[in-house]
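Coordinates in review
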Amino acid sequence: MARTIRLALAQINLTVGDLPGNTARMLDYLQQARESGADLVAFPELATTGYPPEDLLFKRSFVGANVEAMEEVVAASDGIVVVLGYVRPRPHPNPLPEGEGTKIANSAAVGFDGKLIDTYDKIFLPNYGVFDEERYFVKGNVCPVYEMGDVRIGVNVCEDIWYETGPTSVQRQAGAELIININASPYHAGKSKYRRDNIVASRATENGLFVAYLNTVGGQDELVFDGNSMVCDPRGQVLARGPAFQEALILADIEIDSVPQHQPHTPNAECEATLAAVGSPKTIKIPSHTVGAHSRAPLPEREHPVETEEIEEIYRALVLGTRDYLHKTGFRKAIVGLSGGIDSALTAVVAADALGPENVLGITMPSRYSSGGSVDDSAELARNLGIEFWEIPVEPAHTAFTDMLAERFAGTDPNVAEENVQARIRGNVLMTVSNKFGWIVLTTGNKSEMAMGYATLYGDMAGGFAVLKDVEKMTVYALSRWRNANAHKFPLPATSGESDVITSPSLSISPPVEGNIGGEWERPQGVIPQAIIDKPPSAELREGQLDEDSLPPYEILDPVIQAYVEDDRSYAEMVDMGHDPAVVRQVIAAVDRNEYKRRQAPPGVKITPRAFGRDRRLPIVNRYRQT
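All of these numbers come straight from a predicted model, not from anything done at the bench.

The next subject is the overall build of the protein chain. For the protein chain, the count of helices and strands is 17 helices and 21 strands. Across the 627 residues that make up the protein chain, the buried fraction comes to 55%. For the protein chain, long-range pairs separated by at least 24 residues make up 78% of all intrachain contacts whose partners lie at least 6 apart in sequence. As displayed, the protein chain offers around 26,700 Å² of accessible surface, 51% of which is attributable to carbon and sulfur atoms.

So, about the packing of aromatic side chains. Centre-to-centre distance and the angle between the planes together describe a pair of aromatic rings. Tallying each qualifying case throughout the model produces 13 aromatic pairs. An angle of 65° between the planes, with centres 6.3 Å apart, marks the rings of Y136 and F137 as edge-to-face. Relative accessible area serves as the criterion here: at 7%, F137 is assigned to the buried category. Seen in terms of ring centroids, Y325 and F465 are 4.3 Å apart; in terms of plane orientation they differ by 20°. Their pairing is stacked. With Y325 in helix α6 (residues 310–329) and F465 in strand β20 (residues 465–466), this residue pair connects regions lying 140 residues apart in the sequence. Neither residue differs from the other here; Y325 and F465 are each classed as buried. Here the aromatic residues F58, Y136 and F137 are joined through ring pairs into a cluster of three or more. Above the face of the W439 ring, K333 is positioned so that its terminal group lies 4.3 Å from the ring centre.

With that settled, the discussion passes to the pairing of strand β6 (residues 142–148). Across the seven residues that make up β6, a large majority, five, are buried. Two elements, β6 and strand β15 (residues 280–285), share six bridges in a ladder whose sense is parallel. Among the inter-strand pairings, P144 is bridged to a residue of β15, identified as K282. Relative to strand β7 (residues 151–157), β6 runs antiparallel, the two being bridged by four bridges. Residue pairing in the sheet places Y146 in a bridge with I153 of β7. Hairpin connection, β6 to β7: the antiparallel pair is bridged by two residues, and G149 has positive phi, about 65°.

Right, let's get into the confidence of the model for the protein chain. Per-chain confidence: the protein chain averages 86 in pLDDT, with 88% of residues scoring 70 or above. A low-confidence stretch, residues 494–524 (pLDDT under 50), is modelled with 57 contacts involving residues beyond four sequence positions or located in other chains.

A few words on the packing of helix α9 (residues 395–409) against helix α10 (residues 416–437). Helix-helix packing: each pair is described by the crossing angle between the helix axes and the interaxial distance. Where α9 meets α10, the axes come as close as 10 Å, and the angle between the chain directions of the two elements is 140°. Judged by the angle between their axes, α9 and α10 are oblique. In the packing of α9 onto α10, the handedness of the crossing is right-handed. The segment α9 lies against α10, with A397, H398, F401 and F409 engaging E418, V421, Q422 and I425.

So, on to the pairing of strand β1 (residues 4–11). Burial analysis of β1 places seven of its eight residues in the buried class, the great majority of the element. With eight bridges connecting them, β1 and strand β14 (residues 248–255) associate as antiparallel partners. Paired with I5 across the strands is I254, a residue of β14. Sheet topology note: the β1/strand β2 (residues 40–42) ladder contains three bridges and is parallel. Across the sheet, the residue bridging to L9 is A42, located in β2. For the handedness criterion, the β-α-β arrangement of β1, helix α1 (residues 19–35) and β2 is classed as right-handed.

Tallied over the entire structure, the rule returns 33 salt bridges. Taking the shortest distance from any N to any O, the salt bridge between D470 and K447 comes out at 2.9 Å. Placement of D470 in the loop between β20 and α12 (473–485) and of K447 in helix α11 (residues 447–452) is noted, with a sequence separation of 23 residues between them. For the pair D470 and K447, one class covers both residues: buried. Between D568 and R610 there is a salt bridge, with the nearest N and O atoms lying 2.7 Å from each other. Highlighted residues: D568 in the loop between α14 (554–566) and α15 (571–576) and R610 in the segment after α17 (595–599), separated in sequence by 42 residues.

One open sheet holds the six strands; their spatial order is β5-β4-β3-β2-β1-β14, and the pairing between them is mixed. Each having just a single partner strand, β5 (115–121) and β14 make up the two edges of the open sheet. Ignoring which end each strand starts from, the neighbouring axes of this sheet average 30° apart. Contacts from α1 reach β1, β2, β3 (81–90) and β14, with the element oriented near 40° to β14.

Pairing within the open sheet is mixed, and its seven strands lie in the order β13-β12-β9-β8-β7-β6-β15. One side of each edge strand has no neighbouring strand; the edge strands of this open sheet are β13 (238–241) and β15. Sheet twist, expressed as the mean angle between neighbouring strand axes with direction ignored, is 20°. Each of β9 (210–215), β12 (230–232) and β13 touches helix α4 (residues 191–207); the most contacted strand, β9, lies at about 140° to it.

To continue, consider α14. Residues Y554, L557, D558, V560, I561, A563, Y564, V565 and E566 constitute the buried set of α14. Trailing α14 by a residue or two, D568 shows a phi angle of about 55°, which is positive.

Here the focus is the nonpolar core. Counting 52 residues, the largest nonpolar core has Y315, L318, L381, L442 and I528 as its most contacted members. Where this core is concerned, the elements lending two or more residues are α6, β16 (334–337), α7 (342–355), α8 (372–385), β19 (440–443), α12 and α13 (530–534). In terms of residue count, the dominant contributor to this core is α7 (ten residues). Those residues in contact with Y315 that lie beyond four places of it in its chain are L346, V349, V350, D353, L479, W482, R483 and F490.

Let us now look at the side chain of N420. One can find N420 in helix α10. Classification of N420 by relative accessible area gives buried; the value is 18%. Polar contacts involving the side chain of N420 include one to the side chain of T456, which spans 3.1 Å.

Conventions and cut-offs
Throughout this description, residue numbers start from 1 for each chain and increase along the sequence as written. Per-residue local features are limited, in this predicted model, to residues with pLDDT of at least 70; the limit for side-chain atom pairs, both in listing and counting, is 80 or more; totals at the level of whole chains, interfaces and linings are taken over all residues. For side-chain calculations, the full set of non-hydrogen atoms in the structure is used, while hydrogens and water are omitted. Segments assigned H or I by DSSP are reported as helices when at least four residues long, segments assigned E as strands when at least two residues long, and all are numbered from the N terminus. Each residue is placed in one exposure class: buried if its accessible area under a 1.4 Å probe, protein chains only, is under 20% of its type's maximum, exposed if it is over 50%, and partly exposed if it falls in between. By definition in these notes, contact holds between two residues if any of their heavy atoms fall within 4.5 Å. Each accessible area is a Shrake-Rupley result for a 1.4 Å probe, and residues are judged covered by the shown protein chains and nothing else. Side-chain rings of Phe, Tyr and Trp, where Trp is taken by its six-membered ring, are said to pair if the distance between their centres is within 6.5 Å; with planes under 30 degrees apart they count as stacked, over 60 as edge-to-face, and otherwise as tilted. Both a distance and an angle decide whether a charge sits over a ring: NZ of Lys or CZ of Arg must be within 6 Å of the ring centre and within 35 degrees of the ring normal. Pairing between two strands requires that DSSP report at least two bridges joining them. The predictor attaches a confidence to each residue, and that confidence, scored 0 to 100, is pLDDT. In this analysis an axis means a line fitted to C-alpha atoms, helices contributing only their contacting stretch, and an angle means the value between N-to-C directions, from 0 to 180 degrees. An angle below 35 degrees is treated as roughly parallel, one above 145 as roughly antiparallel, one from 65 to 115 as roughly perpendicular, and anything else as oblique. Take the far helix as your reference; a near helix turned counterclockwise from it by less than a right angle gives a left-handed crossing, and one turned clockwise gives a right-handed crossing. With strands facing away from the observer, any crossover in which the path from the first strand over the helix to the second runs clockwise is taken as right-handed. Salt-bridge detection follows one rule: a side-chain nitrogen of Lys or Arg within 4 Å of a carboxyl oxygen of Asp or Glu. The set of buried Ala, Val, Leu, Ile, Met, Phe, Trp, Tyr and Cys residues whose side-chain atoms join them within 4.5 Å is what this entry labels a nonpolar core. Any pair of N or O atoms that falls within 3.5 Å is considered a polar contact. Within protein, one atom must be able to donate a hydrogen and the other to accept it, and sequence-neighbouring residues count only if both atoms are side-chain atoms.

Written as structure tokens, this is what we have:
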């Protein structure tokens, strides 16, 4: 008789600290899994608390409430095995010194028929990049295998499966035929394919077993979790896969005997020692559970979700990260300062796709140096998107500042101080509107600008969330072109011609924007006007200003920033790679000098392997300079 187990992987969107909400979500998906005839349902890493809970873990009340949440889900496990991530307090054999809290583990609970059967404690604790798990958790030392009827299953957590010799190989040696690996693995470009080919498929083929890899989905502060859960067979072939950036209940019937499973190599003495250091195996029988004992219809044939190209993955990560940051922090509407440039245009489009155009306000704030295209192109973008659009000229405030400082600045040459006054006035306008109506300001700066310090503190850096903070300038262009070519994937309301242009009467010094924003309007194929994509980048803070007056061309600049910031290349290495020594020196000096600015910038979506902020922690006071 064929041994078949039906798995349900709950790829769900969790919120850090929302223990009641996370519990309710798990109970809902548990019921869906039961109704689908699943033998086992799995939930992500730290599903009770959301990931990463950070210093909430120092609160004993929070850890206690998380245990209660786990127990509530396990209590609902009638007739189905449940695996879920939670924080487990680990008692000490000896009394703790005064002031020390209870040690805790990043754990997976295994329950059945309303009872907690066992707990697995994560063994490999990541402590690099965005991860800081050694700050909070103690590592486990046992690798259990669970006998469900006549199927043997190993359970482990996230980082545990990234190691060739690790819990998976220990569990395979103890007889496991299927591994359930629960995750909260953040996204960066290219990671999903790497996970599939180099981690999940590799562990399956190395050990001759099935691997079910479950990842959470959703945004949490700077992080985005992409889902992309999967089940691989012992040949490394994907049997089932979840969608990217969407919640889903992934069902899979695994015929344990359908694929000839090779036995793993007999470990030599060195491997035996490594395996022993990872953790001791143990076998636990789940009582009174026979896999597939209940009658159920076969699962319908379903096509795997279509794999997306990298540029689409990045765009969808930005949309999901923006949507979840706003919704999970309680905001429903966003403000974008529209300059007529590519960065603010892309930010507005991402916001409209994330929140709906009715929840986005674009504000253009022309000054004496603004080109006519700045306002006209912004208005056309607003028409195309169907967002509300205000024009608030900043000339009156600019004149007031100039007059107010004239005496103190007398006898000096104008410099960036006078230029940045305009940016700071605009920041004040945006934040005042935010303060008045309770809407969040989305800043529009990109990673190239933030690397070089090409941004104004308390000006264009003012806001609550930085959508493009980790997106280099050339990627901004690529995303804009991709979005224009794929408008059909992001349907906006049929009539985008209902946007209002509102000009503040008290600040108006220029004629109204030409053209009728209301009335009939046929949306073009691309929402971002081609004029915005084609125009040379400019802050427009002085007459005839272009970004290239201060920065190398972005197609030259971006690879150097990537080499220095993301790859930690030295000056000599970058020059040997063929980069212009003068550009390399400029980048190193600017990146090092502007750490203080980045420390004051709002959070933004992480889409590269090494983003500013959590990934890259450098001191502001720092006299080290490369020679």
